[in-house]
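What follows is each chain in one-letter form.
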Amino acid sequence: MPLDIHEERILILDFGSQYTQLIARRIRQAGVYCEIHPFNMDEQAIKSFAPKAIILSGGPETVTASNTPRVPSVVFKAGCPVLGICYGMQVMAQQLGGHVTSAVKNEFGYARVRVDTPCRLLQQIRDHTENDGSSSLDVWMSHGDKVTALPPGFTCSASTSSCPIAAMANDKHQFYGLQFHPEVTHTKQGYHIIERFVTDIAGCKKLWTAQNIIDDAINNIRDQVGSNKVLLGLSGGVDSSVVAALIHKAIGHQLTCVFVDNGLLRLNEADQVKQMFADNIGINLIQVNAEDNFLQRLTDVDDPEKKRKIIGETFIEVFDETAERRGDIKFLAQGTIYPDIIESAASTTGKAHVIKSHHNVGGLPKTMKMQLVEPLKELFKDEVRSIGIALGLPDEIVYRHPFPGPGLGVRIPGKVTKAYTSILRQADAIFIDELRQAGWYEKVSQAFAVFLPVKSVGVVGDKRRYAYVVSLRAVETVDFMTARWAHLPYDLLATISARIINEIDQVSRVTYDISDKPPATIEWE
């Protein structure tokens, strides 16, 4: 019997925290499978899920109000460990007989937490040893309310000067609460705290590994596809590349990859993809030139959501036409990953607000004839990269910066034209070239240029130049759910700016985007 890597699993009940996905990543990093469901998950569904442990996320609400989210009562009767984080701790305390009040002083940011009475969760985990021999932790706080009275059977495990109950524990029932956020990287021992909870306290085996995920995906692909043939829209990015390698490993020549030149690609993209996959890996690859078709359909379309849906629908039409010509393809494979689904509000929780639709999620027409194969849809970007490495893909594929499915179409705010894409393509190539030469390409997670359809006055060669503006964007991130703008050296930015303005006559000004995610997204549209 094949190994069931989903057998031992953690249930995360989401109360709306911006960090909920990071909890899932930390658990996966510890080698354990987990799923996120809404806080009001049906009680029978919770029982059927049979979690080894339950985590209650943070959230923006206040427990002190009567109509705010509460935990299903079955959670505390399930007979498994429960960990409440921030709002999750507060709602646990309130429902189990403690008391929560609005704090006089809010805590947002770094805090040093003193471990007063070590519990199983925090025992021997420390950042500092104080003069009296006690331990302390460097953590990230983000709360307004606080627990002021413990529920019966609980002890106070940690505190700060403004939050006397920063952690609470009931070792007998294996119920724990943390006012700080162990899931964020700012909490230095956060990974070890979550690992302690899911492996030592909950007793989960570390089944969620790259090789086990690969084996599971291959079995699922074979079960789903059988002897039928699969068509994959291959972009050359890490997601579709890993899907190509997985499916090729599972069903070999039953897979045909289609690379669509939609006129929205980076410089020399088509040649690079052919070199990587058809020539080096031996995957069946069909190239389709559909630039005129895509650009024609995008004429005078300036709404970003409409652009994404048009691009997605056109991709599917191209794939359908290719499949019809071959006459024997029933499945379409895609490199959809978990953040795509989350940001398109298509997750199983159904509670997320739509940030932006993704062409491979929100743009799929109901009339699509092929069935979908999406082996990465539960995975985060860092997990996809780990699988790529385990599959033996070269670094230039695995660590290539992500490129959105709609391509340059979402890096040109407003209307898209062939002239605009040509300018952007050149600017982006210069940016990436200089990053590589300076050794910065590998230091940032994603970098690209954005074409701004506004003109600005410049002076080049003592002559007035009234031309367009290009913005540069580079970010550092692990999961692509949150990101920090990359602090590139000023000299490097100056070199890039000078090259773009000197080599592209249609550009008079270069800017640098210093927005984090959130509040911004990584892409501009």
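Numbers given for residues are sequential positions, taken from 1 along each chain in its written order. Residues qualify for local features only when their pLDDT is at least 70, as the model is predicted, and side-chain atom pairs are given and counted only at 80 or more; totals for whole chains, interfaces and linings, by contrast, use all residues. Values reported for side chains reflect all heavy atoms of the structure, with hydrogen atoms and water molecules removed beforehand.

### Here we look at the layout of surface pockets
Leftover empty space is mapped by rolling, across the atoms, a probe with the size of a water molecule.
Line of reasoning, step 1. Of the pockets and cavities examined, the second largest pocket occupies roughly 500 Å³.
Line of reasoning, step 2. Method remark: on a 1 Å grid restricted to protein atoms, a set of points is classed as a cavity if a 1.4 Å probe fits but cannot get out and as a pocket if it is open with protein on both sides within 12 Å along at least five of seven lines; lining residues have an atom within 4 Å of a point. Surrounding the second largest pocket, 21 residues form its lining, Leu22, Val184, Thr185, His186 and Thr482 being those nearest its centre.
Line of reasoning, step 3. No other element matches helix α1 (residues 20-29), which puts four residues into the lining of the second largest pocket.
Line of reasoning, step 4. Tallied by class, residues from the lining of the second largest pocket come to seven nonpolar, six polar and eight charged. Grid points are joined across faces, edges and corners, and a volume is the space filled by probe spheres set on the points. A run of H or I in DSSP becomes a helix once it reaches four residues, and a run of E becomes a strand once it reaches two; helices and strands are each numbered from the N terminus. Here the term charged refers only to Asp, Glu, Lys and Arg, the term nonpolar to Ala, Val, Leu, Ile, Met, Phe, Trp, Tyr, Cys and Pro, and the term polar to all other amino acids, Gly among them.

### A look at the environment of glutamate 43
Line of reasoning, step 1. Mapping glutamate 43 onto the fold places it in helix α2 (residues 43-49).
Line of reasoning, step 2. Residues glutamate 43 and proline 72 lie 29 residues apart in sequence; the distance between their C-alpha atoms is 6.7 Å.
Line of reasoning, step 3. Polar contacts involving the side chain of glutamate 43 include one to the side chain of serine 73, which spans 3.2 Å. For the purposes of these results, a polar contact is taken to be a pair of N or O atoms within 3.5 Å, where, inside protein, one atom must be able to donate a hydrogen and its partner to accept one; residues adjacent in sequence count only when each atom of the pair is a side-chain atom.

### Here's the deal with the sheet that holds strand β14 (residues 329-333)
Backbone-to-backbone hydrogen bonds pair the strands of a sheet. The strands run either parallel or antiparallel.
Line of reasoning, step 1. The five strands lie next to each other as β13-β12-β11-β14-β15, forming an open sheet whose pairing is parallel. The sheet is open, and its two borders are formed by β13 (285-289) and β15 (371-373), each paired with just one other strand. On average, adjacent strands in this sheet sit at an angle of 30° to one another, irrespective of strand direction.
Line of reasoning, step 2. Relative to strand β12 (residues 255-261), strand β11 (residues 229-233) runs parallel, the two being bridged by four bridges. Each pair of strands is called paired provided DSSP finds at least two bridges between the two strands. Angles shown run from 0 to 180 degrees and are taken between the N-to-C directions of axes, each axis being a line fitted to C-alpha atoms and, for helices, limited to the stretch in contact.

### Considerations on the packing of helix α5 (residues 210-225) against helix α11 (residues 381-390)
Line of reasoning, step 1. Two numbers describe how α5 lies on α11: the axes approach to 9 Å, and their chain directions differ by 85°. In terms of orientation, α5 lies roughly perpendicular with respect to α11. Contact with α5, carried on its side by Ala210, Ile213 and Ile214, involves Ser386, Ile387 and Ala390 of α11 and no other residues of that element.
Line of reasoning, step 2. A per-class count over the contact of α5 with α11 returns five nonpolar, one polar and no charged. Should an angle fall under 35 degrees it is called roughly parallel, over 145 degrees roughly antiparallel, and 65 to 115 degrees roughly perpendicular, with every other angle called oblique. The contact definition used throughout considers only heavy atoms, calling two residues in contact when any of these lie within 4.5 Å.

### Here's the deal with the side chain of glutamine 446
Line of reasoning, step 1. Here glutamine 446 shows up in strand β16 (residues 446-460).
Line of reasoning, step 2. When its relative accessible area of 4% is taken as the criterion, glutamine 446 is described as buried.
Line of reasoning, step 3. Reaching out from glutamine 446, the side chain makes a polar contact with the side chain of glutamate 523 at a distance of 3.1 Å.
Line of reasoning, step 4. Aside from chain neighbours lying at most four places away, what touches glutamine 446 is His401, Pro402, Arg411, Arg473, Ala474, Val475, Phe480, Ile522 and Glu523. Buried, partly exposed and exposed residues are distinguished by accessible area as a fraction of the type maximum, computed with a 1.4 Å probe on protein chains only: under 20%, between the cut-offs, and over 50%, respectively.

### Structural notes on the pairing of strand β1 (residues 9-14)
Line of reasoning, step 1. Of all six residues that make up β1, five are buried, and the element is covered over most of its length.
Line of reasoning, step 2. By the bridge criterion, six bridges tie β1 to strand β2 (residues 33-38) in an arrangement that is parallel. Paired with isoleucine 12 across the two strands is isoleucine 36, which belongs to β2.
Line of reasoning, step 3. For the crossover that starts at β1, traverses α1 and ends in the parallel β2, the hand is right-handed.
Line of reasoning, step 4. Two elements, β1 and strand β3 (residues 53-56), share four bridges in a ladder whose sense is parallel. Directly across from leucine 11, in β3, lies its bridge partner isoleucine 54. With the strands pointing away from the viewer, any crossover whose connection runs clockwise from the first strand over the helix to the second is right-handed.

### Remarks on the side chain of histidine 401
Line of reasoning, step 1. Along the chain, histidine 401 falls in the loop between α12 (395-398) and α13 (418-437).
Line of reasoning, step 2. When its relative accessible area of 3% is taken as the criterion, histidine 401 is described as buried.
Line of reasoning, step 3. Within the local environment of histidine 401, its side chain forms a polar contact with the backbone oxygen of valine 444, the two atoms lying 3.2 Å apart.
Line of reasoning, step 4. Look past the residues within four positions of histidine 401 in its chain and what remains in contact with it is Arg266, Tyr441, Val444, Ser445, Gln446 and Ala447.

### Structural notes on the confidence of the model for the protein
Line of reasoning, step 1. Predicted confidence across the protein gives a mean pLDDT of 90, with 94% of residues reaching 70 or more.
Line of reasoning, step 2. Confidence scores labelled pLDDT are given residue by residue by the predictor and lie between 0 and 100. Of the regions scoring below 50 in pLDDT, residues 345-363 engages in 55 contacts with residues more than four places distant in sequence or in other chains.

### Focus: the state of the cysteines
Line of reasoning, step 1. Here, the term disulfide refers to a pair of cysteine sulfur atoms separated by no more than 2.5 Å. Scanning the entire structure with this criterion turns up zero disulfides.
Line of reasoning, step 2. Distance from the sulfur of cysteine 86, which forms no disulfide, to the nearest cysteine sulfur (cysteine 163) is 9.4 Å.

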